[in-house]
Amino acid sequence: TMADDTKPDADTVQVLRDMANRLRIHSIRATCASSSGHPTSCCSAAEIMSVLFFHTMRYKPTDPDHPDNDRFILSKGHAAPVLYAAWAEVGDISESDLLNLRKIHCDLEGHPTPRLSFVDVATGSLGQGLGAACGMAYTGKYFDKASYRVFCLMGDGESSEGSVWEALAFASHYNLDNLVAVFDVNRLGQSGVAPLEHCTDIYQNRCEAFGWNTYLVDGHDVEALCQAFCQAAQMKNKPTAIIAKTFKSRGIPNVEDADSWHGKPVPKERADAIVELIESQIQTNKNLMPKPPVEDSPQISIRNIKMTRLPDYKVGDKITTQKACGLALAKLSHENKRVIVLDGDTKNSTFSEIFKKEHPERFIECFIAEQNMVSVALGCAARGRTIAFVSTFAAFLTRAFDQIRMGGISQANINLIGSHCGVSIGEDGPSQMALEDLAMFRSIPNCTVFYPSDAISTEHAVYLAANTKGMCFIRISRPETEVIYTPQENFEIGQAKVIRHSDNDKITVIGAGVTLHEALAAADHLSQQGIAVRVIDPFTIKPLDAATIISSAKATGGQVITVEDHYQEGGIGEAVCAAVSREPDILVHQLAVSGVPRSGKPSELLDMFGISARHIIEAVKYTLKN
């Protein structure tokens, strides 16, 4: 029962103290062996880790990613050795592995990544763990409706990051009482003192102002920690923050609470004496096994979602790909009840409100906090619990690039939808125009980048993204464009569509989104002048269908024009240039937006920035003349 858990007996307290010291010794030895790492940051958290892993958390040590286990996120990822030490004591890692820390053939990396079965999201870029923990806790409370709880260990230094406070606001707004954040307040940052030093009452006041239940504890007192975690478990409707006052390098003489030791192993010649001193304080050799979890999360499947009805559009219909995307999400959600959508207060512009109307319980409003929104999505998608779609203006995703980058390192299955791309949004002006988003997502490893050009291809992009491993980005546009494909058309990742071709094509034009329609208009105009143009819709910008592009280019005299509503750097033109770079006789002429755009009508802006049908016609004639 709960009451018995509050106060562990004297034997348990001693074993937890001893375990903390064992975790210290592992951390010191592992970082000594690799001549790098952060033992000082591990030592301040040793008692917290001991209590969490051997008293508070319920999980199956032999099945670290079991869906019913309590979750743990090490947001201060540089303290990875103490996490690895805990799993060595539980039995998932051998002690000899610990001594291979940070070596190239060993999965115990400098900061945790999901190469390890007990790591859900990569951490180490500070300030991101709590957002992911929010996603896990939201999923546990509202989607799984299960008993598992989520614990996030944070550094005091990283709490200067704004994303931490975005997450604090989110957790309180959604009453995530299954979430516990532990602030390891060890006073010292990387290069000097943390701004609040040891003023734990200020951390407490700030967390309470954000609507959290908080406890101040001595972070080296295992009894006090046991009690705080137990009280947190009984708290209803509020997340809990445990503000733990600790000392960096606790237990290491002459280094404890001393500056300039961050990220430095203890000197090899002193290591044995330090380990001996810590060992002398260990009184038992008992091991505590964690309690098993309550197994009450639902069995789910998120694989192989089929499109059971063909798209409901006909050739010639006019609709924006943004609206088609909103409709496709709503349709997809009927095929699988684990499809969720996260929004950053843009649902009435991006059409994600169509999904919200049909499935309010699967829609997460993250408000204007894009960094946290991406982290929450990573947490929601962890352990395959949901199929997460993040939806906002593509321009605002640039603000979350670090979270996206860490999602790539986490090899997470999340889907991001970026609307309002390019100058074609019109009057809103340059702050709202995504013109660098393709460059951003193309740079993420294993990220699939969709750029659909009509309603039919948009619907297929949404279904393909739901079924694709890794990160997906779908770029959608604001202007109404004609449906150019039939509902029967089949789409695949990495497969371009040649939508205009004849035997006497003189040149190949590649466009996407609004510029594909400009290219078609240009091709119509040129055909009246006896100039045949081949037009390609790439559909995915990454992976790009190089084979189709190269064969079309060769069939049209090696002449290619790319036209895109994006800056030249990192966009479609550069992707095409890279794809044809080993072909000796192909020339690529790139039309793209340059300089800082301005407000105006979409058609005026396409023309002013050189990507309208008129400019394509000029480029074709210029290329053929030369």
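Residues numbered from 1 in each chain as written. Predicted model: local features only at pLDDT ≥ 70, side-chain atom pairs only at ≥ 80, totals over all residues. Heavy atoms only, no water.

An unreviewed UniProt entry lists the protein under the name transketolase, with Rhinolophus ferrumequinum given as the organism. Under the UniProt heading Subunit (unreviewed entry), the note attached to the protein is "Homodimer." Its UniProt record, at the heading Sequence similarities (unreviewed entry), says of the protein: "Belongs to the transketolase family." (UniProt positions renumbered as here; feature names shortened; annotations may be inferred.)

Attention now moves to the overall build of the protein. Counting its secondary structure elements, the protein contains 24 helices and 19 strands. Here the protein has a C-alpha radius of gyration of 28 Å; the compact-globule value for 626 residues is 25 Å, and the two agree. Each of the three principal axes of the protein carries a C-alpha extent, and together these read 90 × 50 × 40 Å. Looking at the protein as a whole, 61% of its 626 residues are labelled buried. Across the protein, the fraction of contacts at a sequence separation of at least 24, relative to all contacts at a separation of at least 6, is 79%. For the protein, the accessible surface area stands at approximately 23,700 Å², while carbon and sulfur atoms represent 48% of it. (Helix = DSSP H or I, 4+ residues; strand = E, 2+ residues; numbered from the N terminus. Rg over C-alpha atoms; globule rule 2.2 N^0.38 Å. Buried < 20%, exposed > 50% of the residue type's maximum accessible area, 1.4 Å probe, protein only. Contact = heavy atoms within 4.5 Å. Areas by Shrake-Rupley, 256 points an atom, 1.4 Å probe, with all protein chains shown as cover.)

Buried within helix H21 (residues 546–555) we find Thr548, Ile549, Ile550, Ser552 and Ala553. Lining the buried residues of H21 we find strand S14 (497–500), strand S15 (507–511), strand S16 (533–537), strand S18 (559–567) and helix H22 (572–579). Once H21 ends, the next one or two residues include Gly557, with phi positive near 70 degrees.

On to the nonpolar core, then. In this structure, Leu130, Leu179, Leu342, Leu416 and Phe441 are the most contacted members of the largest nonpolar core, which totals 79 residues. Among the elements that make up this core, the one with the highest residue count is helix H7 (residues 129–143) (eight residues). The residues touching Leu416, leaving out its near neighbours within four places in the chain, are Val374, Val390, Leu397, Ile404, Phe441, Met471, Cys472, Phe473 and Ile474. Residues Ala45, Phe54, Cys226 and Leu288 belong to the second largest nonpolar core, which totals 51 residues. (Core = buried A, V, L, I, M, F, W, Y, C linked by side-chain atoms within 4.5 Å.)

A separate point is the packing of H7 against helix H8 (residues 162–173). At their nearest, the axes of H7 and H8 sit 8 Å apart, and the two run at 20 degrees to each other. Taken together, the axes of H7 and H8 are roughly parallel relative to one another. Here H7 runs over H8; the crossing is left-handed. Across the interface between the two elements, Leu130, Gly131, Cys134 and Tyr138 of H7 pack against Val164, Ala167, Leu168, Phe170 and Ala171 of H8. (Axes fitted to C-alpha atoms, helices over the stretch in contact; angles between N-to-C directions. Parallel < 35°, antiparallel > 145°, perpendicular 65-115°, else oblique. Left-handed = near helix turned anticlockwise from the far one by under 90°.)

If you walk across this open sheet you meet the seven strands as S8-S7-S9-S10-S12-S11-S17, and the pairing is mixed. Each having just a single partner strand, strand S8 (363–365) and strand S17 (540–542) make up the two edges of the open sheet. Taking the axes of each pair of neighbouring strands and ignoring which way they run, one obtains an average angle of 20 degrees across the sheet. Looking at chain direction, strand S7 (residues 339–343) and S8 are connected through three bridges and run parallel. Its bridge partner lying in S8, Leu342 is registered against Ile364. (Pairing = 2+ DSSP bridges.)

Spatial strand order, S14-S16-S15-S18-S19: five strands in an open sheet with mixed pairing. In this open sheet, the two strands that pair with only one neighbour each are S14 and strand S19 (587–593). Here the strands of the sheet are splayed against their neighbours by 25 degrees on average, with no regard to which way each runs. Here S15 runs beside S18; their pairing, made up of four bridges, is parallel. Across the sheet, Thr508 pairs through a bridge with Val560, a residue of S18. Across the sheet, helix H20 (residues 514–528) is in contact with S14, S15, S16 and S18; its angle to S16 comes to roughly 165 degrees.

Interface size is often expressed as the accessible area that is lost when the parts come together. On domain assignment, one finds that the protein holds domain 1 (10–280), domain 2 (317–483) and domain 3 (497–625). Placing the centre of domain 1 and that of domain 2 at their C-alpha centroids yields a distance of 33 Å. Tallying the contact residues gives 31 residues for domain 1 and 28 residues for domain 2. When domain 1 packs against domain 2, the two sides together hide about 2,300 Å² of surface, and 55% of this comes from carbon and sulfur. Linking domain 1 with domain 2 are three salt bridges. Ionic pairing is found between Arg383 and Asp120, a salt bridge with its closest N-O pair at 2.8 Å. Counting the contacts that link domain 1 with domain 2 gives ten residue pairs in polar contact (both at pLDDT 80 or more). (Domains from an automatic or database assignment. Buried area = accessible area lost by both parts, 1.4 Å probe. Salt bridge = Lys/Arg side-chain N within 4 Å of Asp/Glu carboxyl O. Polar contact = N/O pair within 3.5 Å; in protein donor to acceptor, adjacent residues only side chain to side chain.)

Under the criterion given, the structure shown has 25 salt bridges. Measuring nitrogen to oxygen at the nearest pair gives 2.7 Å for the salt bridge that ties Asp144 to Arg338. Separated by 194 residues along the polypeptide, Asp144 in the loop between H7 and strand S2 (150–155) and Arg338 in the loop between helix H12 (321–335) and S7 bring together distant segments of the chain. The buried category is assigned to Arg338, whose relative accessible area is 8%. Ionic pairing is found between Asp505 and Arg534, a salt bridge with its closest N-O pair at 2.9 Å. Of the two residues, Asp505 is situated in the loop between S14 and S15 and Arg534 in strand S16; the sequence distance between them amounts to 29 residues.

Looking now at the pairing of S2. Across a regular strand the side chains alternate sides, sitting on one face of the sheet and then on the other. Judged by how many residues are buried, S2 sits mostly within the fold: six of six residues are covered. Residues Val150, Cys152 and Met154 of S2 are buried on one face, and the alternating residues Phe151, Leu153 and Gly155, pointing to the opposite face, are buried as well. Looking at chain direction, strand S1 (residues 71–74) and S2 are connected through four bridges and run parallel. When the sheet's bridge partners are listed, Leu74 is paired in S2 with Leu153. Pairing of S2 with strand S3 (residues 179–185) involves six bridges; the strand directions are parallel. Looking at the pairing, Met154 lines up with Phe183 of S3. Between the parallel pair S2 and S3, the chain is carried across by H8, and the sense of this crossover is right-handed. (Right-handed = clockwise from strand over helix to strand, strands pointing away.)

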